[in-house]
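Structural overview
One letter stands for each residue in the lines below.
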Amino acid sequence: MKDAKEIRQHVGYLPSEIHYYDDMKVIDLLTYSARFYKANEQRIKTLAARLDLDLHKKIEDLSFGNRKKVGIVQALLHEPKLLILDEPTNGLDPLMQNTFFELLFEERKKGATIFFSSHILSEVQKLCDRVAIIKEGKLIQVETVEHLTKKNLKYVTIVLEQGTQLDVHLDGVVKKEEKGSEITLLYKGEIKQLIHQLDRLPLKDVVISEPTLEDIFLHYYEK
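Calculation rules
- Residues numbered from 1 in each chain as written.
- Predicted model: local features only at pLDDT ≥ 70, side-chain atom pairs only at ≥ 80, totals over all residues.
- Heavy atoms only, no water.
- Helix = DSSP H or I, 4+ residues; strand = E, 2+ residues; numbered from the N terminus.
- Rg over C-alpha atoms; globule rule 2.2 N^0.38 Å.
- Buried < 20%, exposed > 50% of the residue type's maximum accessible area, 1.4 Å probe, protein only.
- Contact = heavy atoms within 4.5 Å.
- Lys, Arg positive; Asp, Glu negative; His and termini not counted.
- Charge placed at Lys NZ, Arg CZ, Asp CG, Glu CD.
- Salt bridge = Lys/Arg side-chain N within 4 Å of Asp/Glu carboxyl O.
- Pairing = 2+ DSSP bridges.
- Axes fitted to C-alpha atoms, helices over the stretch in contact; angles between N-to-C directions.
- 1 Å grid on protein atoms, 1.4 Å probe; cavity = no way out; pocket = protein on both sides within 12 Å on 5 of 7 lines; lining within 4 Å.
- Points joined across faces, edges and corners; volume = space filled by probe spheres on them.
- Nonpolar A, V, L, I, M, F, W, Y, C, P; charged D, E, K, R; others polar.

What follows concerns the overall build of the protein chain. When its secondary structure is counted, the protein chain shows nine helices and nine strands. A globule of 223 residues ought to have a C-alpha radius of gyration of about 17 Å, yet the protein chain, at 24 Å, is considerably larger. Taking the principal axes of the C-alpha coordinates as reference, the protein chain spans close to 70 × 40 × 30 Å. Among the 223 residues that make up the protein chain, the fraction classed as buried is 39%. Long-range contacts, defined as pairs at least 24 residues apart, comprise 67% of the intrachain contacts of the protein chain with a sequence gap of at least 6. Positive and negative side-chain charges of the protein chain, numbering 33 and 36 respectively, have mean locations separated by a distance of 6 Å.

This is the structure in structure tokens:
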């Protein structure tokens, strides 16, 4: 590629598994990395402090979580325009995950584009504007998170009056689960049509809510 060298100057990458030279100290490794990008070495110290990373330990003495912190600092130290992150929160405790998310929000405010791959879909829903669902190596859906969670599907939990049969049929239902006197439906369609259908049932209670990204992901995989 003609501009490959220039492009790499603006890309930060964090793999899911971190492998470095075990006998190097963290500060030496990151200083070495910074020279490829002409990055400010003060930024290494700032990021390390945010992530509670000991710069003077050897790589071989670090836990899996602390190795992941080294990878995060390396990916962010040159303030890249494009960040590619593969399962970035593996090994981080909940408090450190929040710090990491804060760093990503800061980079996004600077104008960075972030590609974020994760099986923890609550993280994707929290951080991402658009989501791509991949099945068997193919993209099967690319949408904004808002469109996927708010416009396509609804969770409907209904409780019928005592003594009423639970054999409920509604148009637009793509999934149904029965638990005692409760019926939980995954509904796809117009909300007005749903309300019109529910009005004909002997309802004791009804709750309509938006599904999580995980619910939608499972819906596509179960098709």
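Next, the rest of the story.
We now examine the pattern of salt bridges. Between side chains of opposite charge, a pair can form as their charged atoms come close. One pass over the full model with this rule turns up six salt bridges. For the salt bridge of Arg 67 with Asp 22, the shortest nitrogen-to-oxygen distance reads 3.6 Å. Taken together, the positions of Arg 67 in helix α4 (residues 64-76) and Asp 22 in the loop between β1 (11-14) and α2 (26-37) put the pair 45 residues apart, joining distant regions of the chain. A relative accessible area of 19% means that Arg 67 is categorised as buried. Looking at Asp 22, the relative accessible area reads 36%, which means it is partly exposed. For the salt bridge of Glu 106 with Arg 50, the shortest nitrogen-to-oxygen distance reads 2.8 Å. In this pair, Glu 106 is assigned in helix α5 (residues 94-109) and Arg 50 in helix α3 (residues 41-50), connecting sequence segments 56 residues apart. A relative accessible area of 34% places Glu 106 in the partly exposed class.

We now examine the sheet that holds β1. Ordered by their spatial adjacency, three strands build an open sheet running β1-β2-β3, and the pairing between neighbours is parallel. If you trace the sheet from one side to the other, it starts and ends with β1 and β3 (113-117), each paired once. This sheet shows a mean twist of 10° between the axes of neighbouring strands, independent of strand direction. As paired strands, β1 and strand β2 (residues 82-86) are joined by four bridges and run parallel to one another. Considered in β2, the bridge of Gly 12 is made with Leu 83. Of the strands in this sheet, β1 and β2 are in contact with α4, which crosses β1 at around 170°.

Summarising the sheet, strand β4 (residues 130-135) and strand β5 (residues 138-144) pair through six bridges and their orientation is antiparallel. Its bridge partner lying in β5, Val 131 is registered against Glu 143.

Right, let's talk about the layout of surface pockets for a bit. Reported here for the largest pocket is a volume of approximately 710 Å³. Along the walls of the largest pocket sit 25 residues, with Phe 116, Val 124, Arg 130, Val 131 and Ala 132 positioned nearest its centre. Elements that contribute at least two residues to the lining of the largest pocket include exactly α5, β3, α6 (121-127), β4 and α9 (213-222). Its residues assigned to classes, the lining of the largest pocket shows 18 nonpolar, four polar and three charged. Surrounding the second largest pocket, 13 residues form its lining, Tyr 13, Tyr 20, Tyr 37, Gln 74 and Ala 75 being those nearest its centre. Elements represented by at least two residues in the lining of the second largest pocket include exactly β1, α2 and α4. Considering only residue class, the lining of the second largest pocket consists of seven nonpolar, six polar and no charged.

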